[in-house]
Amino acid sequence: MPLTDVAPIEATVTIAAPPAKVWSLVSDPRNYARWSPQTAKTFVRGGAVTEGATMFNINRRGLLVWPTQARIETVDHERTFAFKVKENWTVWSFNLEETADGGTQLTERRDAPKGISDLSVKLTKAVFGGVPAFTDELQRGMEQTLAQIKVEAEA
């Protein structure tokens, strides 16, 4: 497998709240900084969270801070919210499924259908300890993010 090819990563949680409530949280990326250990701030250009809208993100890891840009790819009401990061070509999504008891199964996923950009791979190796280590960190971050969304949605 070439270095730029990476397997998808995902995490799933069951939330005792209806999909409409969970959707109201995850479909607005300006909320992500409350839950994600890596997202410091997200701005949606023009303010409207719609397919095709662009986002500017400020990410963090300890004292390290870096910007990314993304394009909202999918807004499928109460089902899927996805965006593609310009710098590394990854697609991040939240997928919602209603459970039998009216709750929500929420899955956060990161795909790289065209691999990860060479620039991103080089920076990941230089700054984050390499692709495998950073992927493990992202996996743990997803789990933390979903745990925080669960707490907020069930409150």
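Quick look at the structure, then. (Residues numbered from 1 in each chain as written. Predicted model: local features only at pLDDT ≥ 70, side-chain atom pairs only at ≥ 80, totals over all residues. Heavy atoms only, no water.)

**A closer look at the overall build of the chain**
Right, so step 1: Counting its regular elements, the chain contains three helices and seven strands.
Right, so step 2: When its helices and strands are written in sequence order, the chain yields β-α-β-β-β-β-β-β-α-α.
Right, so step 3: A compact globule built from 155 residues should have a C-alpha radius of gyration of about 15 Å, and the chain, at 15 Å, falls within 12% of that.
Right, so step 4: Expressed along its principal axes, the backbone C-alpha trace of the chain runs to roughly 45 × 30 × 30 Å.
Right, so step 5: In the chain, which comprises 155 residues, the proportion classed as buried is 44%.
Right, so step 6: Sequence-distant contacts in the chain: of pairs separated by 6 or more residues, those separated by 24 or more amount to 50%.
Right, so step 7: Accessible surface for the chain amounts to roughly 8,200 Å². Of this, 55% is attributable to carbon and sulfur atoms.
Right, so step 8: Across the chain, the 18 positively charged side chains and the 19 negatively charged ones have centroids separated by 8 Å. (Helix = DSSP H or I, 4+ residues; strand = E, 2+ residues; numbered from the N terminus. Rg over C-alpha atoms; globule rule 2.2 N^0.38 Å. Buried < 20%, exposed > 50% of the residue type's maximum accessible area, 1.4 Å probe, protein only. Contact = heavy atoms within 4.5 Å. Areas by Shrake-Rupley, 256 points an atom, 1.4 Å probe, with all protein chains shown as cover. Lys, Arg positive; Asp, Glu negative; His and termini not counted. Charge placed at Lys NZ, Arg CZ, Asp CG, Glu CD.)

**Re the pattern of salt bridges**
Right, so step 1: Within the structure shown, the criterion is met by seven salt bridges.
Right, so step 2: A salt bridge links Glu-73 to Arg-71, with the nearest nitrogen and oxygen atoms 3.2 Å apart.
Right, so step 3: By relative accessible area, which is 32% here, Glu-73 ends up partly exposed. (Salt bridge = Lys/Arg side-chain N within 4 Å of Asp/Glu carboxyl O.)

**Some words on the nonpolar core**
In a soluble, globular protein the nonpolar side chains are often hidden away together inside.
Right, so step 1: By size, the foremost hydrophobic cluster in this structure holds 31 residues, and its most contacted members are Ile-15, Val-22, Phe-83, Leu-106 and Ile-149.
Right, so step 2: Only strand E1 (9–15), helix H1 (19–26), strand E4 (64–76), strand E5 (80–85), strand E6 (91–98) and helix H3 (131–154) provide two or more residues apiece to this core.
Right, so step 3: For this core, the element with the highest residue contribution is H3, accounting for six residues.
Right, so step 4: Those residues in contact with Val-22 that lie beyond four places of it in its chain are Ile-15, Ala-17, Leu-96, Thr-104, Leu-106 and Ala-153.
Right, so step 5: The next biggest cluster of nonpolar side chains, apart from the first, holds five residues, and it includes Val-6, Ala-112, Val-121 and Val-131. (Core = buried A, V, L, I, M, F, W, Y, C linked by side-chain atoms within 4.5 Å.)

**Remarks on helix H2 (residues 118–127)**
Right, so step 1: Among all positions of H2, only Ser-120, Val-121 and Thr-124 are buried. Relative to the axis of H2, the buried residues are bounded by an arc of 100° and lie together on one face. Residues of H2 that are exposed and point over 90 degrees away from its buried face: Leu-119, Lys-122 and Ala-126.
Right, so step 2: Buried residues belonging to H2 abut H3.
Right, so step 3: Once H2 finishes, Gly-129 follows within two positions and takes phi at roughly 85°, a positive value. (Arc of directions from axis to C-beta.)

**Topic: the side chain of Gln-38**
Right, so step 1: Residue position: Gln-38 is located in the loop between H1 and strand E2 (39–44).
Right, so step 2: Residue class for Gln-38 comes out buried when judged on its relative accessible area of 19%.
Right, so step 3: Ignoring anything within four residues of it in the chain, the contact list for Gln-38 reads Ile-58, Asn-59, Arg-60, Trp-66, Phe-134, Glu-137 and Leu-138.

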